[in-house]
Amino acid sequence: MAQVPAVPKFKRAQHLLRASLSGAFGPPDDLVASETAALALRAARLQQQTSEQVTFLIPLVGAHHVKDWPAVVDRLNATLRSFIRQDNPNWTATICCQQEPDLPDDKRIGFLPFDDPTPGNDKWRKLRVLAQSLPALAPRPGYVMSFDADDLLRQGTVTEMLRRQKQGGYLVQSGLVMDVAKGDIALADNRSLLTPMRKPFWKLCGSCAALYHDPSEPTSGAFLTEMTQHEHRMFPYLSRLAGQPLTPLDRPSVLYMLNHGDNFGARRGRVGYKTRFVQTYKIRDPRKIEQIRDDFALDP
């Protein structure tokens, strides 16, 4: 099963307008599965409870798809260490892959085996398996965030989510992109008059949305399952359609690493413009770079 194509922008606008005015829609074939699931969640009028934890869902590339499996595992463990360093311990992370990698000895970190032999990029099939396992992985109300196995979470992000208790969840509007090969770091955020071509982080990286999930409401899990079958640029739209709009986090909360040797995007020819983005918007202030390295525990 491949990634589900994005809904055209004009249709997204139509569907949001209909949902806000009357909820009336055309025949079912006018909607994709994620939109149908979003409207079902909207109709459920989910009453948000106190969120008690953040659940990270991590699809890990199989060893047969990469050149250097130990390096992939090292990057995964760097991701997991960014969770372990959080000053709020109320999180869990589950990794889905064909083979279990060496993982930190932490009861909050789990492994979910994946045995689908279908060839090709299996990231979205792994995300479906993870989302369908939410009854066991997230038995309490909280936020659920799909997270790539080579990104880093900023210190204090779990605390911010559970302190603010925002309905719907959170969006990483402001984040950082690092060209590992060159060591340069750029800020991704909304554009301004001085930066008219800058992009928000959620348009560049999949580790960008933490959605409120209530395990007692079946439409909540069904929506997360279908939403994660799309590219990340669809997440804000689908959340709004579900009546669960996302609130931007206060600070650049995720660091996305490019050009480390095994990015899937490079094989699909989709990293070149991101490399150029880093060069265009790279941070040159040494003090800011030092603070970023401290926040994400990057090597000097």
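Residues numbered from 1 in each chain as written. Predicted model: local features only at pLDDT ≥ 70, side-chain atom pairs only at ≥ 80, totals over all residues. Heavy atoms only, no water.

(A) Representation of the packing of aromatic side chains in the model. Using the criterion set out here, one finds seven aromatic pairs in the structure. Seen in terms of ring centroids, Tyr 143 and Tyr 170 are 5.0 Å apart; in terms of plane orientation they differ by 65°. Their pairing is edge-to-face. In this pair, Tyr 143 sits in strand β4 (residues 142–146) while Tyr 170 sits in strand β6 (residues 169–171), placing the two residues 27 residues apart along the sequence. Here Tyr 143 and Tyr 170 have matching classes, each one buried. With centroids separated by 5.1 Å and ring planes inclined at 50°, the aromatic side chains of Phe 277 and Tyr 281 adopt a geometry described as tilted. In this pair, Phe 277 and Tyr 281 both sit in helix α10 (residues 272–281), four residues apart, roughly one turn of the helix. You'll find Phe 277 and Tyr 281 in the same group, each marked buried. Through pairs of rings, three or more aromatic residues link up here, namely Phe 56, Phe 83, Trp 91 and Phe 147. (Phe/Tyr/Trp six-rings, centres within 6.5 Å; stacked < 30°, edge-to-face > 60°. Helix = DSSP H or I, 4+ residues; strand = E, 2+ residues; numbered from the N terminus. Buried < 20%, exposed > 50% of the residue type's maximum accessible area, 1.4 Å probe, protein only.)

(B) Molecular detail of the nonpolar core. If you look at the biggest cluster of nonpolar residues, it comprises 76 residues, and the most contacted ones within it are Phe 56, Ile 58, Phe 83, Val 177, Phe 201 and Phe 223. Residue contributions to this core peak at six residues, all from helix α3 (residues 69–84). Excluding residues within four positions of it along the chain, Phe 201 makes contact with Val 172, Gln 173, Ser 174, Gly 175, Leu 176, Val 177, Ala 188, Asp 189, Ser 207, Cys 208, Val 254 and Tyr 256. Counting twelve residues, the second-largest nonpolar core is a separate cluster that includes Ile 185, Ile 283, Ile 289 and Phe 296. (Core = buried A, V, L, I, M, F, W, Y, C linked by side-chain atoms within 4.5 Å. Contact = heavy atoms within 4.5 Å.)

(C) Just unusual backbone geometry, in detail. Non-glycine residue Arg 45 carries a positive phi angle of around 50°. At Asn 259, a position not held by glycine, the phi torsion is positive, near 55°. Here Asn 259 falls in the partly exposed class, since its relative accessible area comes to 28%.

(D) Highlighting the sheet that holds strand β9 (residues 209–213). The strand order β3-β2-β1-β4-β9-β6-β10 describes an open sheet built from seven strands, whose pairing is mixed. Both edges of this open sheet fall to β3 (109–113) and β10 (247–248), since each of them pairs with a single strand only. Where β4 lies against β9, four bridges are found, and the strand directions are antiparallel. Across the sheet, the residue bridging to Tyr 143 is Tyr 212, located in β9. (Pairing = 2+ DSSP bridges.)

(E) Local environment of the sheet that holds strand β11 (residues 254–258). The sheet built from four strands is open, its strands ordered β5-β11-β7-β8 with mixed pairing. This sheet does not close on itself; its edge strands, each paired only once, are β5 (152–153) and β8 (184–188).

(F) Focus on the packing of helix α2 (residues 33–44) against helix α7 (residues 218–227). At a minimum axis distance of 8 Å, the contact between α2 and α7 shows a crossing angle of 155°. As far as their axial angle goes, α7 and α2 are roughly antiparallel. Once α2 is placed against α7, the crossing between them reads as left-handed. Along its contact with α2, which presents Ala 33, Ser 34, Ala 37, Ala 38, Ala 40, Leu 41 and Ala 44, the element α7 presents Thr 219, Ser 220, Ala 222, Phe 223, Glu 226 and Met 227. Broken down by class, the residue content of the contact of α2 with α7 amounts to nine nonpolar, three polar and one charged. (Axes fitted to C-alpha atoms, helices over the stretch in contact; angles between N-to-C directions. Parallel < 35°, antiparallel > 145°, perpendicular 65-115°, else oblique. Left-handed = near helix turned anticlockwise from the far one by under 90°. Nonpolar A, V, L, I, M, F, W, Y, C, P; charged D, E, K, R; others polar.)

(G) Structural detail: α10. Turning to α10, its buried residues are Lys 274, Thr 275, Phe 277, Val 278 and Tyr 281. Buried positions in α10, seen along its axis, are confined to an arc of 155° and lie on one side of it. The exposed residues of α10 that point more than 90 degrees off its buried face are Arg 276 and Thr 280. At its buried positions, α10 is contacted by β7 (175–179), β8 and β11. (Arc of directions from axis to C-beta.)

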